[in-house]
Amino acid sequence: QVLHDPDLYFQDGNIALSARSQVQNPPTHVIFRVHQSILVKHSQIFDDMFNVATATVNGPQHAGVPLVTMPDEAEGLRELLMFLYDPEYFSTVLNASDFALRLLVPCELARKYFIDWIRTKAAERLLRSWPDTLGDWRRLDGEETRLVLQRAAARADQPLGFQLREFPEPVSSILLARECNVTIILPVAFLYLLHRSVEPDPNDLYAAAEQRIELELLPVIDGLRLFQARQRMGTWFARYPKKSSPSLSTSKISACDGTQACKTTVAEVWLRLSELLADGCCNMLTYSLGEDMKDICPGCKTKLAKEVSLFQSRFFDNVPRFFGFQE
């Protein structure tokens, strides 16, 4: 069975491309009748292919123009051609919430056909979407939380007056980052994946986000990477008080005379941090001491707040090591 693509079959097109669809049943070949000049403008590979096709005597044709059988799936090829023909459509995909998933196959084809500007734009979008500092992580986390609250309250149709963002889908971001050589975002993408891959609490605000995590696309080796990261985080966490912060030890406190109430509060804070780590650790990065801490003296509370902030900064700095991207 042969189908003409509804948007990319031009009567004045001078080259026809045939690609097999992986969606249609029964198996179908989709014909794109396009303009050789537009494709050649973006890719020398297309130029070489079309020169061979048009130079072949009695070669295959479709509707009176040379026919080239493409080795690519029709769905991915269609997206690539749409990007070349319609910059506005490419911009729409680039700014979509699921941009990483939608750009993955087109970027693979862009690499194959040497269309570098598509991969460059995808790389820039990834870099804008993922935080590279703890402060940026906290700001994005806050925006996502407010967005989730808005959705949960069914007020998504009301203008906010400002644009809220959310973390991109992590698995497709990881795959796209590797495809476009933007490996700098991999540690934080894996960190977010570690948080979101934990079985969600039905009462958790994030359950309302309805963001699909594409775990079936994750390579097996990366599942092992997540497992090993948990082990490394646990080991680092267990060593941290003695090695880096005696004030977070349950037996020592340095900002007061060591009253039992202050010691107990320190122990509770450390326990809370360990619980957040077990939950996937992202909430640990935004944790702050509550205003309801009445049993701790002001000096110890100030000291403890600084220690927690320092602990969070050091944890974030170690994220690349946890996931095996640094020694």
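See the structure shown above.
Now for a description of the structure that goes with this document. Keep in mind that this is a model prediction, so the values were computed, not measured.

This next bit is on the overall build of the protein. The helix and strand tally for the protein stands at 14 helices and 5 strands. Scored against the burial criterion, the 327 residues of the protein give a buried share of 46%. The long-range fraction of contacts in the protein, counting pairs at least 24 apart against all pairs at least 6 apart in sequence, stands at 69%.

Let's shift gears to helix H6 (residues 116-129). Here H6 is 14 residues long and its end C-alpha atoms lie 20 Å apart, about the 20 Å a rise of 1.5 Å per residue gives. When we look at burial in H6, the residues that qualify are Ile 118, Arg 119, Ala 122, Ala 123, Arg 125, Leu 126 and Ser 129. Taken end-on, H6 shows its buried residues confined to a sector of 160°, consistent with a single buried face.

With that settled, the discussion passes to the pattern of salt bridges. Inspection of every chain in the model, using the stated rule, returns 12 salt bridges. A salt bridge links Arg 119 to Glu 179, with the nearest nitrogen and oxygen atoms 2.7 Å apart. Of the two residues, Arg 119 sits in helix H6 while Glu 179 sits in helix H8 (residues 170-179), which places them 60 residues apart along the sequence. Residues Arg 119 and Glu 179 agree in their burial class; the two are buried.

On to helix H3 (residues 74-85), then. A rise of 1.5 Å per residue sets the reference length of H3, with its 12 residues, at 16 Å; its end C-alpha atoms lie 16 Å apart and thus fit the reference within 8%. Considered for burial, the residues of H3 that qualify are Ala 74, Gly 76, Leu 77, Arg 78, Glu 79, Leu 80, Leu 81, Met 82, Phe 83 and Leu 84.

One non-glycine residue with positive phi stands out, namely Phe 114, at about 60°. Residue placement: Phe 114 occurs in the loop between helix H5 (99-112) and H6. Its identity as a non-glycine residue notwithstanding, Asn 181 has a phi of 60°, on the positive side. Summarising the element assignment, Asn 181 is placed in the loop between H8 and helix H9 (186-196). With a relative accessible area of 62%, Asn 181 lands in the exposed category.

Our focus in this paragraph is the packing of aromatic side chains. A complete count under the given rule lists 24 aromatic pairs for this structure. Pairing Phe 10 with Tyr 85 gives two aromatic rings, centres 5.0 Å apart and planes at 25°, and the pair type is stacked. One end of the pair, Phe 10, is in the loop between strand E1 (2-9) and strand E2 (15-21); the other, Tyr 85, is in helix H3, with 75 residues separating them in the sequence. Measuring from ring centre to ring centre gives 5.3 Å for Phe 90 and Trp 117, while their planes differ by 80°; the resulting arrangement is edge-to-face. With Phe 90 in helix H4 (residues 87-94) and Trp 117 in helix H6, this residue pair connects regions lying 27 residues apart in the sequence. A residue is classified by how much of its surface remains accessible, and Trp 117, at 31% relative accessible area, is partly exposed. One aromatic cluster in this structure is built from Trp 236, Phe 237, Tyr 240, Trp 270, Phe 311, Phe 315 and Phe 322. Here the basic side chain of Arg 125 rests over the ring of Phe 99, its NZ or CZ set 4.0 Å away from the ring centre.

Sheet faces and side chains relate simply in a regular strand, where the side chains alternate between the two faces. Summarising the sheet, E2 and strand E5 (residues 65-73) pair through 4 bridges and their orientation is parallel. Within E5, the position partnered with Arg 20 by the bridge is Glu 73.

Here the focus is the sheet that holds strand E3 (residues 28-34). Read across the open sheet, the 5 strands follow the order E1-E3-E2-E5-E4; overall the sheet is mixed. The two strands at the open ends of the sheet, each matched to only one other strand, are E1 and strand E4 (61-62). With 7 bridges connecting them, E2 and E3 associate as antiparallel partners. Looking at E3, one finds that Ile 15 is bridged to Val 34.

Definitions and limits used
Along each chain, residues carry numbers from 1 onward, in the same order as the chain's sequence is written. Totals for whole chains, interfaces and linings use all residues, but because this is a predicted model, local features are given only for residues with pLDDT of at least 70 and pairs of side-chain atoms are given and counted only at 80 or more. Hydrogens and waters are ignored; side-chain quantities use all the structure's heavy atoms. Only DSSP runs of H or I with at least four residues qualify as helices, and only runs of E with at least two residues qualify as strands; both kinds are numbered from the N terminus onward. Type-normalised accessible area, obtained with a 1.4 Å probe on protein chains alone, sets the label of each residue: buried when under 20%, exposed when over 50%, and partly exposed for intermediate values. Note on contacts: a residue pair qualifies if any of its non-hydrogen atoms lie within 4.5 Å across the two residues. In this scheme, a helix's expected span is set at 1.5 Å multiplied by one less than its residue total. To be clear, the arc concerns the directions from the helix axis to the C-beta atoms. Salt bridge, as used here, is a side-chain nitrogen of Lys or Arg placed within 4 Å of a carboxyl oxygen of Asp or Glu. Side-chain rings of Phe, Tyr and Trp (the six-membered ring for Trp) are treated as a pair once their centres are within 6.5 Å; stacked means planes under 30 degrees apart, edge-to-face means over 60, and tilted covers the remaining angles. Note on geometry: a ring has a charge over it if NZ (lysine) or CZ (arginine) is within 6 Å of the ring centre and within 35 degrees of the ring normal. Strands were regarded as paired on the criterion that DSSP finds at least two bridges between them.

Interpretation note: all reported values are geometric properties and have no functional meaning in isolation.
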